[in-house]
Amino acid sequence: MMLARVADSLYWLGRYIERAEHLSRLSTVMLNATLDQTDAGAQAVWIALAAVGEPGDGAGVGSFEAAQALVLDRSDPNSVVSSLARARENARQVRDQITTETWERLNLLYLKVTDPDATKDFAAGSDIFLHDVIADLHLFKGAADTTMSHGESWRFMMLGIYMERAQLVSRLLEVCFAESPTHGRLGDHVALVSVLRMACALEPYLRVYTAEIEPRHILEFLVFDEDFPRSIRFATAQIEQHLSAMVRSVSTNERAGPERLAGRLKARLQFADVDELEAVGAGPLLTTVVNECARIHEAIYETFVAYPLETRLPA
Amino acid sequence: MAAKTQTLADTPTLPMTEAAYLPGVAYDEMFTPEGDVRQHYDPLHGRMSTLGAEELAARQRTLERSFLLQGITFTVYGAENTTERIIPTDLFPRIIPAAEWARIETGLTQRLRALNLFLADIYGDQQILMDGVVPRELVLGAPSFRREMQHLYVPHKAYANVCGSDLIRCQDGQFAVLEDNLRVPSGVSYMLANRDAAKRTFPGTYRAAGVRPVERYPDLLLSTLKSMAADWRADPQVVVLTPGVYNSAYYEHAYLARLMGVPLVEGRDLVVHENMVYMRTTTGLRRIDVIYRRVDDDFIDPLTFRRDSSLGAAGLFNAYRAGNVVICNAPGTGVADDKAVYAYVPDIIRYYLGEDPILPNIETFLCREPRQLSHVLANLDKLVVKAVGASGGYGMLVGPHASQKERDDFALAIKADPENYIAQPTIQLSTAPCLVDGRIEPRHVDLRPFILSGEKTIVTPGALTRVALKRGSLVVNSSQGGGSKDTWVLADDAPSNGAGHGSARP
């Protein structure tokens, strides 16, 4: 049993945490790729910006300025610092639900990115700065995993994390592969490696496919891999699992409950394969994932948070 | 006041600072007027003397860092945006001997018993008003008097379940009550956090001193709250009601909910249906039995009190009247900590208990009385004047420290609305050693112990010591830049290692 408002906050806490990590990683890859003056570097900038919904061509803005804005611009509600501020605001709302260990990791990180010296630190060593942000977010997740009871609070937070992840990875893949699943704009080896890095997938990918970096394999890995935590299939399986566990405690007559929607999406990914994707293009499937996630999000609200009171008053 | 002239030879010194510790005319918690260390401070004084200035500064930084990290902050309301700050926290604990504490404990218990009887009476038959002990218009006309509470049954007659009275130690070393806080007193989370910090800062001294623990506060609070519902529900659902994350005491609300293991709810989580109170959970509506509210009376229920408030729940007060939920502290308790009613508390104690007050009041002049008003106006440069309705150090004139213009302006305000003001002599609060800018200096302190009252009355053996961090300042409120420190109540006053040389300086 937990307050509906609290569930809402925990869910968003998870989403903002995941968003902050994803953006930090895109920024790191973008900055690294542009160290060499190649076309692939420019391509990486374009991919990163398009994946966060800023589809400017990156021309005119240096990659450093672009990355700095992505990370530290407080007036941009989608920047890393804004995401962390919102994550912490949500954590403060539910301070009684998360452990001290978990809270302290997030608060520490918040204090770091909002420090008056943050801009100076970023300029002095953006790579170290971003590395630390990502490492701190890993510590946060580790603290949550090992200190919080894996009950409803934790599940709502994990649900937020995987919902956000499924959508972010889908968006990234849409940018790269929606138009042409096999090569398209991404012929270059360096650009393809950048995509894998943006999904934090390079090393796990290499272990499965070796150093032959093929667009088809990247797509297969990031959409269908069962074991990789950043594949869409893995994320949707987690969403389905957390929702089924929570729904067991809710007596609801709603037929299209969130767990049914999530189960359907999971099944769809389970039974599709990369040949089909190549035949029709990755676009339709990725769009389906994004749309279905939006429907699941609504269903979560209708079931747990914003349900009509009449349905739940005692008889 | 008998100001003792301090010569350099009298000045107690603390070896690690080189500078002398210069107590003023006020009672000093650590040193006697002769410059000797009071016996109960011996172990701490010894420890302080072995730590260098750098070590102390490092420990102070660690302490502040830990508070910031934990988010032990309060919100400062500014013009532009609100920011979070930690309450300045001082490294050195303040120490209270067992015998002194025993007197404080019985005194506070007596006082709260009388005040709860007073509340039961004025919301009942009003016998004390009929007997003319307290002026009728003072009580019935007080803005904090809640007509809606009339003839409402409160279990155990416990109106104020949590009370945080402010005590000060006067020049003669005696404790006196400065004010009672019976509405939504805060600071208990700082008491607990300060204790955690002090244990880490001075572990050896802490262990050797024999300090009474305060850690049980959350479970005592929970059982107090549950005892308010014991009549009618076996395992009552308790919640903490907070105005929300923007309230300056939000940290405390979340802290208490977490340590009691009960939900922290906001008004928007509550639903009242057929005079029952529910909270909106992920699995539907769940009945609530006891609300520990940290929302002021006015904001509890827009149907009964302020219509423009969204902090409470519509219909909550009716559910309370119907006996379906308990609100702690009860609405309307504020009338007993009204600054004008305060003057009558000694009479209230005698009236209900037939006992003399154990803890004295500070002499108080009521501006509503013409003779006392003219005395106040003639002595503004010696008095502290307070607005009856204000708190947190606002609406206050510290006469001796004010300019002539400030006093003139205040005189006009008093004359315009004499009922709204009281005045008290300027009391030199006692001083205690504090680390300020790398030096150990005396700063004025007060004492806020916490008293729980339900089926039983319990005084937590500890308190929040608030510190006026500005040199010479007597204002300790956190909203006015005050800080705090841990308070050690000793379990036993007998010296732990040999007797006889207790007051010798190391």
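Keep in mind that this is a model prediction, so the values were computed, not measured. (Residues numbered from 1 in each chain as written. Chains lettered and ligands numbered in written order. Predicted model: local features only at pLDDT ≥ 70, side-chain atom pairs only at ≥ 80, totals over all residues. Heavy atoms only, no water.)

Considering the overall build of chain B
Scanning chain B for helices and strands turns up 13 helices and 21 strands. In terms of C-alpha radius of gyration, chain B reaches 23 Å, essentially the compact-globule figure of 23 Å for 506 residues. C-alpha extents for chain B along the principal axes are approximately 75 × 60 × 50 Å. When each of the 506 residues of chain B is scored for burial, the buried share is 58%. Sequence separation of 24 or more characterises 68% of the internal contacts of chain B that already satisfy a separation of 6 or more. As presented, chain B carries roughly 20,400 Å² of accessible surface, and 50% of it is formed by carbon and sulfur atoms. Distance between charge centroids for chain B: 2 Å, based on 53 positive and 59 negative side chains. (Helix = DSSP H or I, 4+ residues; strand = E, 2+ residues; numbered from the N terminus. Rg over C-alpha atoms; globule rule 2.2 N^0.38 Å. Buried < 20%, exposed > 50% of the residue type's maximum accessible area, 1.4 Å probe, protein only. Contact = heavy atoms within 4.5 Å. Areas by Shrake-Rupley, 256 points an atom, 1.4 Å probe, with all protein chains shown as cover. Lys, Arg positive; Asp, Glu negative; His and termini not counted. Charge placed at Lys NZ, Arg CZ, Asp CG, Glu CD.)

Some words on the nonpolar core
In this structure, A:Phe156 and B:Ile122 are the most contacted members of the largest nonpolar core, which totals 246 residues. Broken down by element, the residue count for this core peaks at 15 residues, all from helix H8 (residues 152–177) of chain A. Formed jointly, this core draws a minimum of three residues from each of two domains, domain 1 (215–328) and domain 2 (365–425) of chain B. Beyond its immediate sequence surroundings of up to four residues, A:Phe156 is in contact with A:Met2, A:Ala7, A:Leu10, A:Tyr11, A:Met246, A:Ile300, A:Phe304 and B:Thr282. Listed in part, the 15 residues of the second largest apolar core include B:Phe365, B:Leu397, B:Ala402 and B:Phe410. (Core = buried A, V, L, I, M, F, W, Y, C linked by side-chain atoms within 4.5 Å. Domains from an automatic or database assignment.)

With respect to the sheet that holds strand E16 (residues 396–398) of chain B
All names here are of chain B. Read from one edge of the open sheet, four strands run E14-E17-E15-E16, paired in antiparallel fashion. Two strands close off the open sheet at either side, each with one partner strand: strand E14 (365–366) and E16. Of the strand pairs in this sheet, strand E15 (residues 383–387) and E16 are connected by three bridges, and their pairing is antiparallel. By the bridge assignment, Lys 386 is partnered in E16 with Met 396. In this fold helix H13 (residues 404–416) packs onto E15, E16 and strand E17 (421–425), with an angle of close to 140° to the strand it touches most, E16. (Pairing = 2+ DSSP bridges. Axes fitted to C-alpha atoms, helices over the stretch in contact; angles between N-to-C directions.)

Here we look at the packing of aromatic side chains
All names here are of chain A. Tallied over the full model, the rule gives 21 aromatic pairs over all chains. Relative to Trp 12, the ring of Tyr 11 lies with its centre 5.8 Å away and its plane at 80°, an arrangement referred to as edge-to-face. When its relative accessible area of 1% is taken as the criterion, Tyr 11 is described as buried. Both rings, one in Phe 156 and one in Phe 304, keep their centres 5.3 Å apart while their planes meet at 90°; by these two values the pair is edge-to-face. Placement of Phe 156 in helix H8 and of Phe 304 in helix H15 (residues 283–305) is noted, with a sequence separation of 148 residues between them. When sorted by exposure, Phe 156 lands in the same class as Phe 304, which is buried. (Phe/Tyr/Trp six-rings, centres within 6.5 Å; stacked < 30°, edge-to-face > 60°.)

Structural notes on the interface of chain A and chain B
Buried accessible area, meaning the area lost when the parts come together, often serves as the stated size of an interface. Each side of the interface is counted separately: chain A has 33 residues, and chain B has 31 residues. Taken together, the two surfaces of chain A and chain B that pack against each other cover about 2,900 Å², and 54% of this comes from carbon and sulfur. Across the contact surface, chain A and chain B share two salt bridges. The partner of B:Glu266 in a salt bridge is A:Arg5, with the nearest N and O atoms 3.3 Å apart. Inspection of the region where chain A meets chain B yields 19 residue pairs in polar contact (both at pLDDT 80 or more). Within the residue set of the side of chain A that touches chain B, elements represented by two or more residues are helix H1 (4–33), helix H4 (80–93), helix H5 (100–113), H8 and H15 of chain A. Here the side of chain A that touches chain B takes six residues from H5(A), the largest share from any one element. (Buried area = accessible area lost by both parts, 1.4 Å probe. Salt bridge = Lys/Arg side-chain N within 4 Å of Asp/Glu carboxyl O. Polar contact = N/O pair within 3.5 Å; in protein donor to acceptor, adjacent residues only side chain to side chain.)

Considerations on the pairing of E15(B)
Residue and element names in this part refer to chain B. Counting buried positions along E15 yields five of five residues, so the element is predominantly enclosed. Across five bridges, E15 lies against E17 in antiparallel orientation. Bridge pairing links Val 385 to Ala 423 in E17.

Examining the domain arrangement of chain B
Along its sequence, chain B is organised into domain 1 (215–328) and domain 2 (365–425). One C-alpha centre belongs to domain 1 of chain B, the other to domain 2 of chain B; they are set 37 Å apart.

Comments concerning unusual backbone geometry
That bond from B:Cys328 to B:Asn329 is cis: its omega, -15°, falls within 30 degrees of zero. Within the secondary structure layout, B:Asn329 lies in the loop between strand E13 (326–328) and helix H11 (345–353). In the Ramachandran plot, A:Cys200 falls in the positive-phi region, its phi being about 55° despite a non-glycine side chain. Turning to its location among the elements, A:Cys200 is positioned in the loop between helix H9 (189–198) and helix H10 (202–209). Taking relative accessible area as the criterion, A:Cys200 reaches 34% and is therefore assigned partly exposed. One non-glycine residue, B:Asn275, lies in positive phi territory at about 65°.

Some details on the confidence of the model for chain B
Residues and elements named next belong to chain B. Of all residues in chain B, 90% attain a pLDDT of 70 or more, and the chain-wide mean is 88. Confidence drops under a pLDDT of 50 for residues 1–9, and excluding neighbours within four residues, the segment shows nine contacts in the predicted structure. Within the model, the stretch residues 497–506 combines pLDDT values under 50 with 14 contacts to residues more than four positions away or in other chains. Across the interfaces of the predicted complex, the ipTM metric reaches 0.87, alongside a pTM of 0.89. (pLDDT = per-residue confidence, 0-100.)

So, the sheet that holds strand E11 (residues 284–287) of chain B
Residue and element names in this part refer to chain B. The strand order across the open sheet formed by three strands is E9-E10-E11, and the pairing between neighbours is antiparallel. On the outer flanks of this sheet lie strand E9 (270–273) and E11, each paired with one strand and no other. For this sheet, the mean angle separating the axes of adjacent strands, direction not counted, is 40°. Across four bridges, strand E10 (residues 276–281) lies against E11 in antiparallel orientation. Considered in E11, the bridge of Met 279 is made with Arg 286.

Concerning the pairing of strand E20 (residues 457–467) of chain B
All names here are of chain B. Most of E20 is tucked away, with nine of its eleven residues classed as buried. Where strand E19 (residues 439–453) lies against E20, eight bridges are found, and the strand directions are antiparallel. Residue pairing in the sheet places Ile 451 in a bridge with Val 459 of E20. Between E19 and E20, which pair antiparallel one after the other, the connecting turn spans three residues. Bridge count for E20 against strand E21 (residues 483–489) is three bridges, and the pairing is antiparallel. Of the residues in E21, the one forming a bridge with Val 467 is Gly 483.

Some thoughts on the pattern of salt bridges
All names here are of chain B. The full count for this structure, using the stated rule, is 47 salt bridges over all chains. A salt bridge links Asp 297 to Arg 146; the shortest N-O distance between them is 3.5 Å. Within this pair, whereas Asp 297 is found in the loop between strand E12 (290–293) and helix H10 (316–321), its partner Arg 146 is found in the loop between helix H5 (136–140) and strand E4 (162–164), the two being separated by 151 residues in sequence. With respect to class, Asp 297 is no different from Arg 146; both count as buried.

Focus: H10(A)
Residue and element names in this part refer to chain A. Looking at H10, one finds that the buried residues are Leu 202, Tyr 205 and Tyr 209. Burial along H10 is one-sided: seen end-on, the buried residues are contained in an arc of 60°. In H10, the exposed positions angled more than 90 degrees off the buried face are occupied by Glu 203 and Arg 207. Looking at the buried positions of H10, the neighbouring elements they touch are H9 and helix H11 (215–224). Directly beyond the C-terminal end of H10, a positive phi value near 60° is found at Thr 210. (Arc of directions from axis to C-beta.)

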